[in-house]
Amino acid sequence: MRLEEQEHWNEMCKGNADAFEKLYSYFARDLFRYGYRISTDHALVQDSVQDLFLHLWNKRHDLEQVISPRFYLYRSLRNKLIRSSETNRFVLSDDGDLSDQWFPSEKDIETSWISDESNRIQLAMLHDALQKLPVRQQEAIQLRYYHDFSAEEIGRIMNINQQSVRNLQNRAMQQLRSELPFFPVSLLSAMFYFSA
């Protein structure tokens, strides 16, 4: 989809409303989920995502140089939410709890896989272990395993350097492996498709 993303972005910059709608339908749901992870104020997240897309349409002619629409949208949303903290409408989730919005509700992976009792148990155990991670580690893991961003992109989104991203991810993986010594890393990707 990344090539399509760029094509839709380029068309949107030229004023193509259909391309804009395709970008919205492709990105909005994941942006909401990401925003809910950053802020506990769901109304603020919803307003911020809507404002972001309104800004895109209004400034479309100035956005032709954007190389990665996906990165631009995630970084812009994060910046919007952080700027909102200055108005005291923003509350960071600091309890380490993974909300339901963290997990997509779609069942893109074979539903028969999850019906297996042992897989359900593994996912529940992973869910519990993920809840114990600090919020920044949760964010880094989510951006990597659900949104598929590189360490460089995650660093730019979170406003930290690549080494800090790697440190967050390594500490998270060490903690997960200390609680679940034999869990396969591929289970992390599955975790973000299913709510335990």
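Quick notes on the rules
For every chain, the first residue of the written sequence is number 1, and numbering continues from 1 along that sequence. At least 70 in pLDDT is required for a residue's local features to be given in this predicted model, at least 80 for side-chain atom pairs to be given and counted, and no such filter applies to totals for whole chains, interfaces and linings, which use all residues. Note that water and hydrogens are dropped before the side-chain values are worked out from all heavy atoms of the structure. Put simply, DSSP H or I for four residues or longer makes a helix, DSSP E for two residues or longer makes a strand, and each gets a number counted from the N terminus. To sort residues, take the accessible area from a 1.4 Å probe on protein chains only and compare it with the maximum for the residue type: under 20% means buried, over 50% means exposed, and anything in between is partly exposed. Confidence of the predictor at the level of single residues is captured by pLDDT, which takes values from 0 to 100. Only heavy atoms matter for contacts: two residues are in contact if any of them lie within 4.5 Å across the pair. Here, axes are lines fitted to C-alpha atoms. For helices the fit covers the stretch in contact, and angles between N-to-C directions go from 0 to 180 degrees. Oblique is the label for every angle not falling under 35 degrees (roughly parallel), over 145 degrees (roughly antiparallel), or within 65 to 115 degrees (roughly perpendicular). Definitions for this section: a left-handed crossing has its near helix turned counterclockwise from the far helix by less than a right angle. A right-handed crossing has that turn clockwise. Residue type decides the class: Asp, Glu, Lys and Arg count as charged, Ala, Val, Leu, Ile, Met, Phe, Trp, Tyr, Cys and Pro as nonpolar, and the leftover types, Gly among them, as polar. Aromatic pairs are defined between Phe, Tyr and Trp rings, using the six-membered ring for Trp, whenever the two ring centres lie within 6.5 Å; interplanar angles under 30 degrees are classed as stacked, those over 60 as edge-to-face, and all others as tilted. Only buried residues count toward a nonpolar core. Its members are Ala, Val, Leu, Ile, Met, Phe, Trp, Tyr and Cys residues joined through side-chain atoms within 4.5 Å.

Here we come to the environment of Leu 133. Locating Leu 133 in the fold gives a position in the loop between helix H6 (117-131) and helix H7 (135-145). Accessibility expressed as a relative area gives 1% for Leu 133, which makes it buried. Along the primary structure Leu 133 and Leu 176 are separated by 43 residues, whereas in three dimensions their C-alpha atoms are 8.3 Å apart.

A few words now on the confidence of the model for the protein. On average, the protein scores 78 in pLDDT, and the residues at 70 or more come to 74%. For the stretch residues 88-114, pLDDT sits under 50, and the model shows 73 contacts to residues farther than four places along the chain or on other chains.

Any two packed helices are characterised by the angle at which their axes cross and by the distance between the axes. Running from amino to carboxyl end, helix H2 (residues 17-38) crosses H7 at an angle of 165°, the nearest separation of the two axes being 10 Å. Between H2 and H7, the angle falls in the class roughly antiparallel. In this structure, H2 meets H7 at a crossing whose hand is left-handed. Each of Arg 33, Tyr 34, Arg 37 and Ile 38 in H2 lies in contact with H7, whose residues at this interface are Val 135, Gln 138, Glu 139, Gln 142 and Leu 143. Classifying every residue of the contact of H2 with H7 gives four nonpolar, two polar and three charged.

The subject of this paragraph is the packing of aromatic side chains. Considering all chains together, one arrives at eight aromatic pairs under this definition. When the ring of Tyr 26 is compared with that of Phe 27, the centres are 4.9 Å apart and the planes differ by 85°; the resulting orientation is edge-to-face. On the basis of relative accessibility, which here comes to 36%, the residue Tyr 26 falls in the partly exposed class. We classify Phe 27 as buried; its relative accessible area is 3%.

Mapped onto the elements, Gly 155 comes out in helix H8 (residues 151-158). Discounting residues that sit within four places of it in the chain, Gly 155 has contacts with Ile 160 and Val 165.

Okay, the nonpolar core next. One finds Trp 9, Met 12, Leu 31, Leu 56, Leu 73 and Leu 143 to be the most contacted residues of the largest nonpolar core, which totals 36 residues. Within the residue set of this core, elements represented by two or more residues are helix H1 (2-13), H2, helix H3 (42-58), helix H4 (69-84), H7, H8 and helix H9 (162-179). If you tally residues by element for this core, the top one is H2, at 10 residues. Apart from residues no more than four positions distant in its own chain, Met 12 is found in contact with Ala 19, Phe 20, Leu 23, Leu 56, Trp 57 and Arg 60. Among the nonpolar cores identified, the runner-up in size contains nine residues, and Ile 141, Ala 172, Leu 176 and Leu 180 belong to it.

The interhelical angle for the contact between H8 and H9, taken along N-to-C directions, is 100°, at an axis separation of 8 Å. Between H8 and H9, the angle falls in the class roughly perpendicular. Of the residues in H9, those touching H8 at Ala 151, Glu 152, Ile 154, Gly 155 and Met 158 are Gln 162, Val 165, Arg 166, Leu 168 and Gln 169.

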